[in-house]
Structure formats: structure tokens, C-alpha cells
Amino acid sequence: MKNKIPLHVQIIIGVVLGSLGGVLFPQFSGFVKIFAQLFLKLLKMLVIPLIFTSLVSGVLYSKDAASVGRMSFKTFVYYIITSLLAILTGQILVNILKPGVKASVKIPEGVDVQHLATNFSYSDIFTRIVPDNIFQSMAKGEVLPVIFFALITGFFILKLKTEHKDFLTEFFESFYSLMMKITEFVILLAPYGIFALLYKTTAESGLSVFKTLFFYFFTVLSGLIIHFFITLPFLGYVITGKNPYAFMKKMITPLLTAFSTSSSSATLPLTIKYLQENVGVPNRIAGFVLPLGATINMDGTALYECVAVIYIAQCYGIHLTFSQQAVVVITSLLVSIGAAGIPMAGLVMMSIILKAVGLPLEGIGLIIAVDRFLDMFRTATNVFSDSTGALIISYLEDKDNCCPGL
Ligand code: ASP
């Protein structure tokens, strides 16, 4: 007999049971954790070969450099606009709700703020792109250099003699299909993996942290909800005319995976798979727009950075002037571009903005307790923005054949 419960329903059951299980029976989390780690590892195992082969194939499908250039331009414009919209949503909310003014929070003991501070500089974003050694970058899971190497590999394959070009095109397409096949298998494990991840999270973090940080949590979450359910769907609908909530439903499995793994990078195999198969976004677009998006387009992270920094200033009773808030907006954008698609990357990058506006790094300690939970919501928002981007680019590239799945 075939399995009758649809996969996304199984995943929702996994989310609910996992969250409850962790709260009610935290003593078993050591055992459940093993499954959570295995599921995460299976996803991560696919990421680098998938990014590499999907981007090379994406360039090769496009046939010429001009169309890659055109698509990249549209992609970047979309990324910048949506990230700025997200940041402004957060900025307006945090200025109206003023969660920090009402707060009475202390830095929790044992938080090593210096350890969280990162020695990042803006020039790093650019110099990190070119690898010293591509195998080392792959082994370390550094996504930006791998993207760079994949793009130039694809570009120069197009310049080869026909026999070599055809051979390599076939090779990369086959390799990409293989990665997608393995992804199909990992997806079957998603309900169990997600159950285990949520079990571990609620068992380890507990729910009491919400008491002191409720207003801050509520402000970030409201911003994310507005961006996720109103701004992005509105943009998608105005440009493509497709029903944005039907689209959201088609993407429910990757969205819940993003929520439970807190990693856009680890979710990437599923995001690509569902956009191609459920929505009908062509390979050349999904394989191109999504790996870039998982690394540099992080609307949820950008919104959260902005709210968190202004909240920290409010807690310290510091009024940020208009120009200081403008610095927060710009650095939030840059930081969201530079943050890796891994859990809590946004928190680590926070130190850059705090330094930029001259706030104490200890401020990170004020928000750390609920970060694990906010990370889940912002990662789902990041992945939804990448997906909406792929839908929009797909429509702009070929209006008549866009998205048979919708
Ligand atoms: N966890 C987020 C992501 O993977 C990044 C962040 O920490 O905000 O998209």
C-alpha cells in the first residue's frame, strides 16, 4: 500500500510533535540529537557539489555570456530591493514599538561576547570571493569562492572547441541530475529529520527565555511576518500575476526545512528541487538564482540585524540619530550579503554593525537568548525571498512559459 499522508503534512506533524516532545521529554534529546545531526549532514553533504554543478549547468544552459549577464543583473536588483524593503519594515516597527525602552534585560552570565565578535571588514566580502585553492574552499564549505569558480568554469566551457564543450556540458548536466536524485532520497527523510531538529531545539533552549525578551521577539517576528506574508507575495503577484499563496503552498517543504535547520545553505537542495518540479521554474534559472540567493540574499537576516541593533541602543537608553540609523540600514544590508547561510550567522555578524554605530559589543548578550528561535523564522524568510526571486526572474525571462505548476 502506498503512503497516503502527503509529505508536507508528514513534515507539519514532525514540526508539531518535535516541538512538543522537546518541551515535555527533554531527557531524550541526547538520543534524538543523533538523528538531527544525521539529517543535517545529509543535506550539507549535497550543498557544495550541488552549487558547483547547478551553477556551471546554469551558465551552460544560458548559451551565451550576455544572457547570463542579463539574468545576474535582474537577480541582483531583486535581491537589493527586497533586502532594503525588509530592513525598512524592521526599522519602522522598532521605532514605533520601541521594545527596548520597555525592556529590563541583563546580559546573561557566561556569554563570551568577544568570542562572538568577528574580525570582518567590508573588503573581506570582495577578497573572499576568489579562492586561493578551490579544493580547500570546497572542503571548508566556503560558498562564495565556489560560486565564483563555478561561474568562470561555465563561462570558459562556452569558449571551448565544440567536442570539449559538448562533453563537459553533458558531464555537468549528468552530475547535476545525480545530485538531484540524491536530494529526492534525502527529502523522504525530511519528516523525521525535522522532528529531531525541533525536538533538540526546544529541549535545549527551553521556552522561559521569552519572558524577558518578549517585546523584542515580537517586534522581529512581526516584521518577518509582514515581509513573508505581505511584501514578498505582493511583489510576486504584481510582477508575475501568479497566486502568491498557491506558490507558498508549493514551497512548503523547503520552507519548513529552512525553519527547522536554520540554514538556507543546507535547505538549498530542496529549494532547487521544489522550484523545478512543483512550480516549473526551468533548471537554468533555479540552478542559477538560488545558489546565489542562499548566500547573498537574506531579507530575514537583514530585517533582524536592523531591529536588533536599534533595540540594543534603546536598552542602553541611546538615541540613534537619523544618520546613525542610516548607517544601521546600510550595514544591515552589507552584513546580510556577507553572512553565510548557516545557523546563527546573523548573530555573529551583529558585532560589525554595533562597531559601525559605536554601541558596546556586550549588546549581543541582550538578545542571544531568543536568537535560536528567531533564526528559524528569519531563515524561512530568506528562503522564501530566494524562491520568490527565482519565480520573478523566470517570469521576466520567459513570460509565456513561466511556471506551469502554478
Ligand atoms: N541562519 C540564517 C540562514 O541560514 C542566517 C542568519 O543567521 O540569519 O539563512
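Described below are features of the structure shown in this document. Because the structure is predicted, anything quoted here is derived from the model rather than measured.

Considering the overall build of the protein
Okay, so step 1: Across its full length, the protein carries 19 helices and zero strands.
Okay, so step 2: Relative to the 2.2 N^0.38 estimate, which gives 22 Å for 406 residues, the radius of gyration of the protein is 21 Å and therefore close to what a compact globule would have.
Okay, so step 3: Seen through its principal axes, the protein has C-alpha atoms that stretch 70 × 55 × 45 Å.
Okay, so step 4: Each of the 406 residues in the protein was classed as buried or not, and the buried ones make up 54%.
Okay, so step 5: Put simply, of all contacts in the protein between residues at least 6 apart along the chain, 85% involve residues at least 24 apart.
Okay, so step 6: Looking at the protein as shown, the accessible area adds up to about 17,900 Å², and 68% of this sits on carbon and sulfur atoms.
Okay, so step 7: Averaging the locations of the 28 positively and 22 negatively charged side chains of the protein gives two centres separated by 6 Å.

Description of the site of the ligand
Okay, so step 1: Residues in close proximity to the ligand total 15 residues, the closest being Ser-264, Thr-301, Gly-346, Asp-375 and Arg-378.
Okay, so step 2: A distance of 2.8 Å separates a nitrogen atom of the ligand from a polar side-chain atom of Asp-375.
Okay, so step 3: Thr-379 places a polar side-chain atom, nitrogen or oxygen, 3.1 Å from a nitrogen atom of the ligand.
Okay, so step 4: Burial of the ligand by the protein chains amounts to 100% of its free accessible area of 270 Å².
Okay, so step 5: Listed by contribution, the elements that provide at least two residues to the shell around the ligand are helix H17 (345–357) and helix H19 (371–397).
Okay, so step 6: At four residues, the largest contribution of residues to the shell around the ligand is made by H19.
Okay, so step 7: In terms of residue class, the shell around the ligand is made up of five nonpolar, eight polar and two charged.

Focus: the pattern of salt bridges
Okay, so step 1: This model, assessed by the stated rule, comprises ten salt bridges.
Okay, so step 2: Between Glu-397 and Lys-74 there is a salt bridge, with its nearest N and O atoms 2.7 Å apart. Of this pair, Glu-397 sits in helix H19 while Lys-74 sits in helix H3 (residues 65–97), and the two are 323 residues apart along the sequence.
Okay, so step 3: A salt bridge links Lys-273 to Glu-277; its shortest N-O distance comes to 3.0 Å. In this pair, Lys-273 and Glu-277 are both assigned in helix H13 (residues 264–279), four residues apart and thus about one turn of the helix distant.
Okay, so step 4: Overlapping salt bridges bring together Arg-70, Lys-74, Arg-284 and Glu-397 as one network.

Description of the state of the cysteines
As used here, a disulfide is simply a covalent bond connecting the sulfur atoms of two cysteines.
Okay, so step 1: If you walk through the whole model with that rule in mind, you get one disulfide.
Okay, so step 2: With a sulfur-sulfur separation of 2.2 Å, Cys-402 is cross-linked through a disulfide to Cys-403. Residues Cys-402 and Cys-403 are joined through a disulfide that is left-handed, its torsion about the S-S bond being -55°.
Okay, so step 3: Classification of Cys-403 by relative accessible area gives buried; the value is 1%.

Remarks on the packing of helix H8 (residues 162–188) against helix H9 (residues 190–205)
Okay, so step 1: Packing of H8 against H9 leaves a shortest axis separation of 5 Å and a crossing angle of 55°. Considering the angle they form, H8 stands oblique to H9. For the pair H8 and H9, contact is made by Val-186, Ile-187 and Leu-188 and by Ala-190, Pro-191 and Tyr-192, respectively.
Okay, so step 2: Among the residues forming the contact of H8 with H9, the class breakdown is six nonpolar, no polar and no charged.

Focus: the nonpolar core
Okay, so step 1: Ranked by internal contacts, the top residues of the largest apolar core, which has 121 residues, are Tyr-216, Tyr-304 and Ile-367.
Okay, so step 2: For this core, the element with the highest residue contribution is helix H2 (residues 29–62), accounting for 15 residues.
Okay, so step 3: Leaving out residues up to four positions away in the same chain, Tyr-304 has contacts with Tyr-216, Val-220, Gly-346, Leu-347, Met-350, Ile-367, Asp-371, Leu-374 and Arg-378.

Considering the side chain of Ser-137
Okay, so step 1: Within the secondary structure layout, Ser-137 lies in helix H6 (residues 134–140).
Okay, so step 2: Of the residues examined, Ser-137 reaches a relative accessible area of 4% and is grouped as buried.
Okay, so step 3: If we ignore the near neighbours within four places in the chain, the residues touching Ser-137 are Pro-131, Glu-142, Pro-145 and Val-146.

Thoughts on the side chain of Ser-264
Okay, so step 1: For Ser-264, the position within the fold is in helix H13.
Okay, so step 2: By relative accessible area, Ser-264 is classed as buried at 5%.
Okay, so step 3: Beyond its immediate sequence surroundings of up to four residues, Ser-264 is in contact with Ala-294, Met-298, Gly-341, Thr-379, Asn-382 and Val-383.

Side note on the packing of aromatic side chains
Okay, so step 1: By the definition in use, this model includes 18 aromatic pairs.
Okay, so step 2: Ring centres of Phe-25 and Phe-28 lie 6.3 Å apart, and the angle between their planes is 40°; this geometry places the pair in the tilted category.
Okay, so step 3: Measuring from centroid to centroid gives 5.2 Å for Phe-171 and Phe-172, while their planes differ by 80°, and the two rings are edge-to-face.
Okay, so step 4: Judged by relative accessible area, Phe-171 falls into the partly exposed class, the value being 39%.
Okay, so step 5: The ring of Tyr-304 has Arg-378 lying over it, and the distance from NZ or CZ to the ring centre is 3.8 Å.

Description of the packing of helix H7 (residues 143–157) against helix H14 (residues 283–296)
Okay, so step 1: Following both chains from N to C, one finds H7 and H14 inclined at 155°, their axes separated by 10 Å at the closest point. On the basis of their axis angle, the class for H7 and H14 is roughly antiparallel. As for how H7 packs across H14, the hand of that crossing is left-handed. Every residue of H14 that contacts H7 at Val-143, Leu-144, Ile-147 and Leu-151 is listed here: Phe-288, Pro-291, Leu-292, Thr-295 and Ile-296.
Okay, so step 2: Within the contact of H7 with H14, the residues separate by chemical class into eight nonpolar, one polar and no charged.

Calculation notes
Residues numbered from 1 in each chain as written. Predicted model: local features only at pLDDT ≥ 70, side-chain atom pairs only at ≥ 80, totals over all residues. Heavy atoms only, no water. Helix = DSSP H or I, 4+ residues; strand = E, 2+ residues; numbered from the N terminus. Rg over C-alpha atoms; globule rule 2.2 N^0.38 Å. Buried < 20%, exposed > 50% of the residue type's maximum accessible area, 1.4 Å probe, protein only. Contact = heavy atoms within 4.5 Å. Areas by Shrake-Rupley, 256 points an atom, 1.4 Å probe, with all protein chains shown as cover. Lys, Arg positive; Asp, Glu negative; His and termini not counted. Charge placed at Lys NZ, Arg CZ, Asp CG, Glu CD. Near = heavy atom within 4 Å. Polar contact = N/O pair within 3.5 Å; in protein donor to acceptor, adjacent residues only side chain to side chain. Nonpolar A, V, L, I, M, F, W, Y, C, P; charged D, E, K, R; others polar. Salt bridge = Lys/Arg side-chain N within 4 Å of Asp/Glu carboxyl O. Disulfide = S-S within 2.5 Å. Axes fitted to C-alpha atoms, helices over the stretch in contact; angles between N-to-C directions. Parallel < 35°, antiparallel > 145°, perpendicular 65-115°, else oblique. Core = buried A, V, L, I, M, F, W, Y, C linked by side-chain atoms within 4.5 Å. Phe/Tyr/Trp six-rings, centres within 6.5 Å; stacked < 30°, edge-to-face > 60°. Lys NZ or Arg CZ within 6 Å of the ring centre and 35° of its normal. Left-handed = near helix turned anticlockwise from the far one by under 90°.

Just distances and angles here, no functional claims.
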